[in-house]
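# Breakdown of the fold
Read off the chains here:
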Amino acid sequence: FSQMANPPTQAPTVTATEAGTLTVFYPVYGEGEGFCTNDPPADHGLSSLNGIVTSATNAECCTKHFSWQKSGFCFSQMANPPTQAPTVTATEAGTLTVFY
């Protein structure tokens, strides 16, 4: 495999998007409760992610690394956090988006 132009790796390849975020989410542990992000690490660059289990989505990362949080802090830090109940809205035709 080592002779291949792009040999396979044991970990996903982490790259930055045009928006400056990463293509994976990773856990951030520290003071208080932890959360997941896809912002590039400010301290040591991408090499600081070596050996860290990353996830394809923010929700997957929160579930994998912070399922123990009773407060749901990790999920609350998401741009569009999940809710405990579906969001009910009316459509242009005046009907609801859910059945009851």
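A few words on the side chain of S55. The topology assignment puts S55 in the loop between β2 (35-37) and α1 (58-66). A residue is classified by how much of its surface remains accessible, and S55, at 1% relative accessible area, is buried. A polar contact of 3.5 Å, which involves the side chain of S55, links it to the side chain of K64. S55 has contacts with V24, F25, E60, C61 and K64, leaving out every residue within four places of it along the chain.

On to the environment of V28, then. Looking at the element boundaries, V28 is found in strand β1 (residues 26-28). Relative accessible area serves as the criterion here: at 25%, V28 is assigned to the partly exposed category. For V28 and P41, which are 13 residues apart along the polypeptide, the C-alpha to C-alpha distance reads 9.6 Å. Apart from residues lying up to four places away in sequence, V28 is in contact with G34, F35, T37 and F66.

Turning our eyes to something else, we now look at the state of the cysteines. This structure, assessed with the given rule, holds two disulfides. Across the disulfide, C36 is cross-linked to C61 (sulfur-sulfur distance 2.1 Å). Residues C36 and C61 are joined through a disulfide that is left-handed, its torsion about the S-S bond being -80 degrees. Pair noted here: C36 is in strand β2 and C61 is in helix α1, with a separation of 25 residues, a long-range link. Take C36: its relative accessible area is 6%, and that puts it in the buried class.

Moving on: the pattern of salt bridges. For the structure on display, the rule yields one salt bridge. Across the pair E60 and K64 runs a salt bridge, and its minimum N-O distance is 3.3 Å. Separated by four residues within a single helix, E60 and K64 lie in helix α1, roughly one turn from each other.

This part covers the nonpolar core. Counting residues in each nonpolar core, the largest one holds six residues, listed as F25, C36, C61, C62, F66 and C74. If one sorts the elements of this core by residue count, α1 sits on top with three residues.

Another aspect to go through is the side chain of T37. Inspection of the secondary structure puts T37 in strand β2. Its relative accessible area of 11% is what places T37 among the buried residues. Side-chain polar atoms of T37 contact the backbone nitrogen of D39, separated by 3.0 Å. Beyond its immediate chain neighbours, meaning those up to four positions away, T37 contacts V24, F25, Y26 and V28.

Below, the discussion takes up the environment of C61. Judged by relative accessible area, C61 falls into the buried class, the value being 0%. Taking the C-alpha atoms as reference, C61 lies 8.5 Å from F35; in sequence the two are 26 residues apart. Those residues in contact with C61 that sit more than four places away from it in its chain are F25, Y26, P27, C36, S55 and F66.

Definitions and limits used
Residues numbered from 1 in each chain as written. Predicted model: local features only at pLDDT ≥ 70, side-chain atom pairs only at ≥ 80, totals over all residues. Heavy atoms only, no water. Helix = DSSP H or I, 4+ residues; strand = E, 2+ residues; numbered from the N terminus. Buried < 20%, exposed > 50% of the residue type's maximum accessible area, 1.4 Å probe, protein only. Polar contact = N/O pair within 3.5 Å; in protein donor to acceptor, adjacent residues only side chain to side chain. Contact = heavy atoms within 4.5 Å. Disulfide = S-S within 2.5 Å. Salt bridge = Lys/Arg side-chain N within 4 Å of Asp/Glu carboxyl O. Core = buried A, V, L, I, M, F, W, Y, C linked by side-chain atoms within 4.5 Å.

Structural measurements only, silent on function.
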